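# Topology and contacts: notes
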Amino acid sequence: MEEQDWVDRHVEVWAKEHDWLDPLTEAVIARITILARHTTQVRKRTLADDGLKLHQLKILLSLRRVGPPYATSPSLLADTLGLTRGALSARLGPLEEAGLLTRTHDAQDRRRVEVRLTDAGYEAYERHAMAESRGEGDLLAPLTTDERRTLADLLRKLVLAAG
């Protein structure tokens, strides 16, 4: 028999208490919940180490995602992030002050503004993404490549079914 974890003991107790409980479903959902909590904690620690807040990381990530030159309009950025223009503007200020992005006006049309990731912002995002990736890799380290592929395929199936 494989090594038991906390979930095995949890399911054993509750299966005795609830005749309607599907132990396999309970075990899967409990483990997914534990792993989600773990990855959230890893992200929080990494953000704290980087001196970033989650909403700041999302802005850097969104700029990075648009590709070179890592720039877009504030309205497109706000739409991408699901923010109002005012909320985005308030969030851009500290990142601009930290030198992680710039807001510049178009020379021909001063009404047009461009938000651009600076070299420092690019590096800050890369450092964070690499650190987070290492933590995720550590989490999956016990699995072989084939097991990871199978897990990814099974999770995709669940995500698609969840809509």
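In the block above lies the structure referred to throughout.
In this report, we go over the structure that sits alongside the text. From a predicted model like this one, the values you see are computed outputs, not experimental measurements. (Residues numbered from 1 in each chain as written. Predicted model: local features only at pLDDT ≥ 70, side-chain atom pairs only at ≥ 80, totals over all residues. Heavy atoms only, no water.)

## Side note on the overall build of the chain
The criterion, for reference: Segments assigned H or I by DSSP are reported as helices when at least four residues long, segments assigned E as strands when at least two residues long, and all are numbered from the N terminus. Just to be clear, the radius of gyration here is over C-alpha atoms, and the globule rule we use is 2.2 Å times residues to the power 0.38. Working rule for contacts: check all heavy atoms of both residues, and any pair within 4.5 Å makes them a contact. Only the protein chains shown count as covering a residue, and every accessible area follows the Shrake-Rupley method with a 1.4 Å probe. Asp and Glu count as negative and Lys and Arg as positive, but His and the ends of the chain are not part of the count. For the purpose of locating charges, the reference atoms are NZ of Lys, CZ of Arg, CG of Asp and CD of Glu.
When helices and strands are tallied, the chain shows seven helices and three strands. Listing the helices and strands of the chain from first to last along the sequence gives α-α-α-β-α-α-β-β-α-α. For 163 residues, the compact-globule estimate of 2.2 N^0.38 gives 15 Å, and the chain exceeds it by more than 25% at 21 Å. The principal-axis extents of the C-alpha atoms in the chain amount to approximately 70 × 30 × 25 Å. Of the contacts formed within the chain by residues at least 6 apart in sequence, a portion of 43% connects residues at least 24 apart. Looking at the chain as shown, the accessible area adds up to about 11,600 Å², and 55% of this sits on carbon and sulfur atoms. Here the chain holds 24 positive side-chain charges and 26 negative ones, and the gap between their average locations is 7 Å.

## Remarks on the environment of T104
Tracing the backbone shows T104 in strand β2 (residues 101-105). Residues T104 and G86, 18 residues apart in the sequence, show an inter-C-alpha distance of 17 Å. Apart from residues no more than four positions distant in its own chain, T104 is found in contact with R112, V113 and E114.

## Points about helix α1 (residues 6-17)
Note the following rule: Take the residue count of a helix, subtract one, and multiply by 1.5 Å to get its expected span. Only protein chains enter the calculation, and the probe is 1.4 Å; a residue is then buried if its accessible area is under 20% of its type maximum, exposed if over 50%, and partly exposed in between. Arc definition: it is the arc formed by the directions from the helix axis to the C-beta atoms. Identification of polar contacts relies on pairs of N or O atoms within 3.5 Å, with a donor-acceptor requirement for protein atoms, meaning one able to donate a hydrogen and the other able to accept it, and with residues adjacent in sequence counted only if both atoms are side-chain atoms.
The end-to-end C-alpha distance of α1, which contains twelve residues, comes to 17 Å, matching closely the 16 Å that a straight helix rising 1.5 Å per residue would cover. Those residues of α1 lying buried are V7, H10 and V11. The arc that holds the buried residues of α1, viewed along the axis, is 95 degrees, so those residues lie on one side. Packed against the buried residues of α1 are α2 (23-50). The N-capping residue of α1, defined by a side-chain oxygen 3.1 Å from the backbone nitrogen of V7, is D5.

Geometry only, nothing functional implied.
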